[in-house]
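What follows is the residue order along each chain.
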Amino acid sequence: MALIETDLCVIGAGSGGLSVAAGAVQMGARVVLIEGGEMGGDCLNTGCVPSKALLAAAKQAHLMGAGAKFGIAPVEPQVDFGAVHDHVHGVIAGIAPHDSQERFEGLGVKVLRGMARFTGDDRVAVEGTEVRARRFVIATGSRAMVPPIDGIADVPYLTNESLFDLTDLPDHLIIVGGGPIGLEMAQAHRRLGAQVTVIEAERALGKDDPDAAALVIERLRAEGITLHEGAGVTSVANVPAGVEVCFGEGQSVTGSHLLLAVGRVPNHDRLDIDKAGIKADRRGIIVDAGLRSSNRRVYAVGDAAGGMQFTHVAGYHAGIVIRSALLGLPAKAKTDHIPWVTYTDPELAQVGLTEAQARDRHGDRVEILTFDYAENDRARAERDTDGFIKVMVYRGRPVGATVVGRQAGEVIQLWALALSAGLKISDVAGMVSPYPTLGELSKRAAGQYYTPRLFDSPLVRRIVQFVQKF
Ligand SMILES: Cc1cc2nc3c(=O)[nH]c(=O)nc-3n(C[C@H](O)[C@H](O)[C@H](O)COP(=O)(O)OP(=O)(O)OC[C@H]3O[C@@H](n4cnc5c(N)ncnc54)[C@H](O)[C@@H]3O)c2cc1C
Ligand SMILES: NC(=O)c1ccc[n+]([C@@H]2O[C@H](COP(=O)([O-])OP(=O)(O)OC[C@H]3O[C@@H](n4cnc5c(N)ncnc54)[C@H](O)[C@@H]3O)[C@@H](O)[C@H]2O)c1
C-alpha cells in the first residue's frame, strides 16, 4: 500500500472540506483531500445550487402569469421540463470548475478519489493508499433520511440525490416533509405545472417563527399546493396510478412521484470512526466548541458535525478549524449569529433568536419591533407587499431578526452583521438607507425602538418646549 504523510488530511470535498483545503494549502500546509463522490458535494451537485436554479426557472414561469397587476396580460407558460433540467445542470456545470480536482491540484492540494476509512487514530486508507496526517478534518456531509415507513422499501421514491435528474415533470408530486427542502421543491414543481401534495407530521417550517411560516404557507396554498400538517405518513404502497401514501387519521393520496424530505443522516457511518476512537451520535460526530472530536487530532465540520446544516455554516466551520489546526490559536464555533433563509416566494429569513425564543430567554425585558412590507415604498412599487420584519431587542441590542417577504434573504444580511458585530439598535436606526429600497425595512424597524421613547414621552416634549423658548 502506498503511503502519504501530510500535515492535514481532509475527508470530503463539499462546502466544508473544500474551504478547509483551499485555506490550509494557501497558508503553507501540506494538504491531502479525499472525495468519494463528486467534487463539490451536496450543495453544488444535489442541494443548494440545483434547488435554487429550479426555483429560478419556476419563478420565471410564475411571473408570466402574474402580470395583470401591472397591466400586462398574463401568459400561460409553455414549460419544456427537459430544457429546465438542462438549465439546472448548466448552472451546476458553470460553478463546477471552482470546486474541481484540477483547480485544487493547481492550488497544491493532493486530491485522492475514493471512500476513506480510518485504519488507526492517525491514518486513513483510500483505494490502496494510506494517508498519515498530523490533523484530520471529517467533512463527509449528510444524506437524505429514509424514514421507517411501512412499505417504503417496495416503492420508488426520490430524494435530493435523484430529484434533479428528472427530465419529465411529475404529474403529481407527493412530498413527505414540510421543512425547507419540502417547501422549496413544492413551490418549484407547482409553478412549473405539477400537482403537488405536501404531508408534514408536525408544523411546516417548524424551526421558524410561526407568523412568518404562516405567511409562506398561505401563499403556497394559494398557488394550489395541498399541504397537510400534523399528519405523519404511516404507509406507502404501489398502485396502478403510481404511489399511494397513507397519512394522519386514515387519509390517503395517490401521486405519480414520491419525494422524501424528512431530514438528513450524517455520513460518518461509512468511515470506521471507531478505529480512530472518534465518538458520534445519531446527529453526527461529537465535537467540542472548537470542533474537535474525542480524538484530539480529528476535527469535524459542516453537516458531519451534527449542528446546523447549511453551506455557510460549513464555510464558517472551515475558518475555525484553520485557526485552530494551522495556527494553534483558540477558536470556538458559535451559532447565535448564523442566519438561514428558505428560498420560497416569499422568502423566509432568520438570524439569532425568534420572538418565542427571545421571550423565553429574556421574559418581559425583550422588545419586539415590527415593520410591514406594505409600508415600504419599493415593495409597493413592485406590488409585492406581503411580509414583515420583526426584530427582537434586549437592552438596546438586537438579539434576533425574522424577515418574511420579497428578498428576505438580502434584508437579513444587515441583521446578520448587527448580531455578529454586536451592534446596537441605534447603529441601525442611525444608518442612512437609500430610498426606495427594501433595505429601508431594517431602518424603519429599528426606528420603532425610539417611537415610544421620543414621540410618546412627556419628558421629551417638555425638553423640546423648553429649548424652543430660547
Ligand atoms: C436540496 C437541498 C437544498 C439545500 N439548500 C441549501 C441552501 O440553499 N443554502 C444552504 O446554506 N444550505 C443548503 N443545503 C444544505 C447544504 O447543501 C449542506 O449543509 C452542505 O452541503 C454541507 O456541506 P458539507 O461540506 O458538510 O457536506 P457535503 O457538501 O455534502 O460534502 C460532503 C462530501 O463528502 C463526501 N464523502 C462522504 N463520505 C466520504 C468518505 N468516507 N470518503 C470520502 N468522501 C466522502 C461526499 O461524497 C461529499 O462530496 C441544502 C441541502 C439540500 C439537500
Ligand atoms: N434554504 C436552505 O438553506 C435549505 C434548503 C434546503 C435544505 N436545507 C438544509 O437541509 C436540511 C434538511 O432539510 P429537510 O427539509 O429535509 O429537513 P427538516 O428536518 O428541516 O424538515 C423535515 C420535516 O419532515 C417532517 N417529517 C419527518 N418525518 C415525517 C413523516 N414520517 N411524515 C411526515 N413528515 C415528517 C419533520 O416534522 C420536519 O418538519 C435543513 O435542516 C437545512 O439545514 C437548507
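Residues numbered from 1 in each chain as written. Chains lettered and ligands numbered in written order. Predicted model: local features only at pLDDT ≥ 70, side-chain atom pairs only at ≥ 80, totals over all residues. Heavy atoms only, no water.

- The name given to the chain in an unreviewed UniProt entry is FAD-dependent oxidoreductase, and the organism recorded there is Oceanomicrobium pacificus.
- Quoted verbatim from the Sequence similarities (unreviewed entry) heading of the UniProt record, the comment on the chain is "Belongs to the class-I pyridine nucleotide-disulfide oxidoreductase family." (UniProt positions renumbered as here; feature names shortened; annotations may be inferred.)

**Re the UniProt feature "binding site: NAD(+)" (unreviewed entry) in the chain**
Stage number 1. As annotated by UniProt and renumbered to match this structure, "binding site: NAD(+)" (unreviewed entry) occupies G177, G178, G179, P180, I181, G182, L183, E184, E200 and G263. Of the residues just listed, which span 87 residues, no C-alpha pair is farther apart than 13.9 Å, and they cluster in one region. Residues from the named set that contribute to the lining of the second largest cavity are I181 and G263.
Stage number 2. With respect to the helices and strands, G179 occurs in the loop between β8 (172-176) and α7 (180-191).
Stage number 3. Apart from residues no more than four positions distant in its own chain, G179 is found in contact with E200 and L205.
Stage number 4. If sequence neighbours within four positions are ignored, E200 has contacts with G177, G178, G179, H228, E229, G230 and A231.
Stage number 5. In terms of polar contacts, E200 uses its side chain to reach the backbone amide nitrogen of G178, at 2.7 Å. (1 Å grid on protein atoms, 1.4 Å probe; cavity = no way out; pocket = protein on both sides within 12 Å on 5 of 7 lines; lining within 4 Å. Helix = DSSP H or I, 4+ residues; strand = E, 2+ residues; numbered from the N terminus. Contact = heavy atoms within 4.5 Å. Polar contact = N/O pair within 3.5 Å; in protein donor to acceptor, adjacent residues only side chain to side chain.)

**Regarding the site of ligand 2**
Stage number 1. Taken together, 23 residues form the shell around ligand 2, and within it E184, E200, G263, Q309 and V341 come nearest.
Stage number 2. Side-chain polar atom of K207 to an oxygen atom of ligand 2: 3.1 Å apart, as the coordinates give it.
Stage number 3. The separation between an oxygen atom of ligand 2 and a polar main-chain atom of A261 is 3.5 Å.
Stage number 4. Protein coverage of the free-state accessible area of ligand 2, which is 840 Å², stands at 80%.
Stage number 5. Mapped by element, the contributors of at least two residues to the shell around ligand 2 are α7 and β19 (339-342). (Near = heavy atom within 4 Å. Areas by Shrake-Rupley, 256 points an atom, 1.4 Å probe, with all protein chains shown as cover.)

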